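Fold and contact review
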Amino acid sequence: MALHVQNFLLIFALISSHMLLAKTNELEGFSPALATWYGEPYGAGSGGGCGWSDDVQFPPFSAMIAAGNANIYLKGKGCGNCYQILCTRVPYCSTIPITVTITDECPGACNDVPFAFDLSGTAFGAMSSPGQADALRNLGRVDVQYRRVPCNYGSTNIAFKIDAMANPYWFAMTIEFCAGDGGLSSVGVASDGSQQFRLMKNIWGAVWAVDVDPSFRGPYSFKLISQIDEPVIATNAVPSDFVPGQSYYSLVNFRS
């Protein structure tokens, strides 16, 4: 009997050790940051700092977004990057990570700490334990853990939202829903039937532009290169009779 008890205790100790190791490994790759929230308690936040405006309230963003401080927003180069945010403050937080996309900048006090995420009211509440969303939001700010993760927008492909000021001499657009790395290092545009891509300039946020002339006509194709050098070509993604302010979805996306 004593031997059986000893064996049981040994097995229990091994299982407990394994569970503790597993729980510790859940934080592997995470780093400390501060999380706050803004807007309405169940609001969608904003995509203004990246050029996405109110698109953040609709799928696939679905209000799961955040504004990042300088070290996250990266002067707009951080637009579209995705992060897991983990809150472990009991009893308020579920200790289950949420995933958000960077869609705006949080200036000012957000830079009082090295890394900060100002979440939409919806995203901040999503970190909560059942029934604790309002209590968590009432805290206003919590210490969290974060890590960069691939973006995954399901079946949604890359979209090109034509700038309201686009014209026969200046072509500009905002690029949305890039899966995988999330960010872009290079964008080129080709006119109808051409394989020659003109390099576009990232003028701010997720907005890319190029000077053209009336002979540069659609349908337009785009060659996109992610920040990890993965290329993708969206053929004939924007028609020649495009409407400024309208979004056009391609048939491709990066690997998530």
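What this report covers is the structure whose coordinates are included nearby. Since the model is a prediction, treat every value here as computed from it, not as a measurement.

Rules used in this analysis
- Residues numbered from 1 in each chain as written.
- Predicted model: local features only at pLDDT ≥ 70, side-chain atom pairs only at ≥ 80, totals over all residues.
- Heavy atoms only, no water.
- Pairing = 2+ DSSP bridges.
- Helix = DSSP H or I, 4+ residues; strand = E, 2+ residues; numbered from the N terminus.
- 1 Å grid on protein atoms, 1.4 Å probe; cavity = no way out; pocket = protein on both sides within 12 Å on 5 of 7 lines; lining within 4 Å.
- Points joined across faces, edges and corners; volume = space filled by probe spheres on them.
- Nonpolar A, V, L, I, M, F, W, Y, C, P; charged D, E, K, R; others polar.
- Contact = heavy atoms within 4.5 Å.
- Buried < 20%, exposed > 50% of the residue type's maximum accessible area, 1.4 Å probe, protein only.

Time to look at the pairing of strand β14 (residues 231-238). In the sheet, strand β13 (residues 220-226) pairs with β14 via five bridges, with the strands oriented antiparallel. Looking across to β14, one finds that L224 is bridged to V232. What sits between the antiparallel neighbours β13 and β14 is a turn of four residues, in which D229 has the positive phi angle 65 degrees.

This brings us to empty space enclosed by the protein. Within this structure, the stated rule accounts for one cavity of 30 Å³ or more. By volume, the largest cavity amounts to about 160 Å³. Residue lining of the largest cavity: 19 residues in total, with C79, G182, G183, L184 and A206 positioned closest to the centre. In the lining of the largest cavity, the residues fall into ten nonpolar, seven polar and two charged.

Spatial strand order, β10-β9-β13-β14: four strands in an open sheet with antiparallel pairing. Strand pairing shows two members of the sheet lacking a second neighbour, β10 (198-199) and β14, which therefore form its edges.

Tracing the backbone through its elements, the reader meets R137 in helix α4 (residues 133-139). Ignoring sequence-local partners within four residues, the contact set of R137 consists of W37, P41, Y42, G121, F124 and G125.

In strand β7 (residues 159-162), alternate side chains face the same way, and those of A159 and K161 on one face and F160 and I162 on the other are all buried. In the sheet, β7 pairs with strand β15 (residues 247-249) via three bridges, with the strands oriented antiparallel. Within β15, the residue paired with K161 across the bridge is S247.

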